[in-house]
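Listed here are the chains, written in short residue letters.
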Amino acid sequence: MELTKYNHATVVLEQDGTTIVIDPGTFTPEAAELVRTADAVLITHEHADHFDVDAVRAGLDANPTLVVHGPASIVEQLGDHDGRVIAVQAGDAFTVGQVPVRVFGEEHAVIHRDIPTIANVGYLVGDAVFHPGDAYLVPGVPVSTLLVPTSGPWAVTSAAVDYVREVAPERAVQIHELLLSDAGQQMTVSMLGTDGLGGVPTTILPAGETIQI
């Protein structure tokens, strides 16, 4: 499987001719094109940095085979497009081409007690890559590559360290980084990495670069 990182929370996974886009948000300039050429789009939650509603709607109109999965709020915003926009929740499982996808979790991390929490799900793709959305969501199953959020109004480095320890993946890749400077990213990843408190090889993958999983 190939993993390509784009700005902030957007990740593209490709395997056996199948392309899956996770969280094409408004911070990702390429979002519309990524969606239009995908086989499936997986949305963790409705915040704009994870869900560019205009880009996804345009992709559904342009690509008649595109399927979108996300919490029920995503269906409410997009409509069902003849069954191609599908609500998912924890415990669901489906395939995109030959690639298995499992769904975990229920709620976004708490930003502040005065801000209501919203639905947030995580996706384990190909039994290998786990994208938690905006939560330190522990799937309770083996994960080889964990996508770790490192910034945001809800993110805490100490909690991210404990998160990496609990999931215990083979490797971690930083996502959700745009609120950190380069120095802040380096410091946070050093805390998560092999020689830091997390103890797991952790990569800063620049936007547009690809690694093999």
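Going along each chain's sequence as written, the residues are numbered from 1 onward. For a predicted model such as this one, the threshold for reporting local features is a pLDDT of at least 70, and the threshold for listing and counting side-chain atom pairs is 80 or more; totals across whole chains, interfaces and linings nevertheless cover every residue. To obtain the side-chain values, all non-hydrogen atoms of the structure were used and water was disregarded.

Participant: Is there a simple way to explain the sheet that holds strand 10 (residues 129-131) in this structure?
Facilitator: Note: strands within a sheet are paired through backbone hydrogen bonds, in either parallel or antiparallel orientation. By definition, two strands form a pair when at least two bridges between them are found by DSSP. Numbering goes from the N terminus for both helices and strands, where a helix is a DSSP run of H or I of at least four residues and a strand is a run of E of at least two. Ordered in space as 7-8-9-10-11-12-13, the 7 strands form an open sheet in which the pairing is mixed. The open sheet has two edge strands with one neighbour each: strand 7 (93-96) and strand 13 (202-203). Relative to strand 8 (residues 99-104), strand 7 runs antiparallel, the two sharing 4 bridges. If you follow Phe94 over to strand 8, its bridge partner there is Val101.

Participant: So what exactly am I meant to see when it comes to a nonpolar patch on the surface here?
Facilitator: Side chains of Met187, Met191 and Leu197 sit close together on the surface and give an oily, nonpolar patch of about 290 Å² of accessible area. Structurally, the position occupied by Met191 is in helix 5 (residues 182-192). With a 1.4 Å probe rolled over the protein chains alone, any residue whose accessible area is under 20% of its type maximum counts as buried; one over 50% counts as exposed, and the rest are partly exposed. Residue class for Met191 comes out partly exposed when judged on its relative accessible area of 32%. Every patch collects residues that have over 30% relative accessible area and no salt bridge, joining them within 9 Å if they carry like charges and within 5 Å if they are nonpolar side chains (Val, Leu, Ile, Met, Phe, Trp, Tyr). Throughout, the Shrake-Rupley method with a 1.4 Å probe supplies accessible areas, and for residues the shown protein chains are the sole cover considered. We define a salt bridge as a side-chain nitrogen of Lys or Arg found within 4 Å of a carboxyl oxygen belonging to Asp or Glu.

Participant: Looking at this structure, how should I read helix 5?
Facilitator: Given 3.6 residues per helical turn, the α-helix brings residues three or four places apart onto the same face. The set of residues buried in helix 5 consists of Gly184, Gln185, Thr188, Val189 and Leu192. In a view along the axis of helix 5, the buried residues occupy a sector of 125°, so they form one face of it. Exposed and facing more than 90 degrees away from the buried side of helix 5 are Asp182, Ala183, Gln186 and Met187. Contact definition: two residues touch when any of their heavy atoms are within 4.5 Å. Of the surrounding elements, those touching the buried residues of helix 5 are strand 11 (145-149), helix 4 (157-167), strand 12 (171-175) and strand 13. Working note: the arc is built from the helix axis to C-beta atom directions.

Participant: In this structure, what is going on with the side chain of Ser151? I would like to understand it.
Facilitator: Along the chain, Ser151 turns up in the loop between strand 11 and helix 4. Other than its neighbours up to four places away in sequence, Ser151 contacts His176, Glu177, Leu178, Leu179 and Leu180.

Participant: Hey, could you run me through the side chain of Arg84 in this one?
Facilitator: Inspection of the secondary structure assignment puts Arg84 in the loop between helix 3 (72-78) and strand 6 (85-87). Within the local environment of Arg84, its side chain forms a polar contact with the backbone oxygen of Leu66, the two atoms lying 2.9 Å apart. Every residue in contact with Arg84, bar those within four places of it in the chain, is listed here: Leu60, Asn63, Pro64, Thr65, Leu66, Val67 and Val68. Polar contacts here mean pairs of N or O atoms no more than 3.5 Å apart (in protein, one a potential hydrogen donor and the other a potential acceptor; neighbouring residues in sequence count only if both atoms are side-chain atoms).

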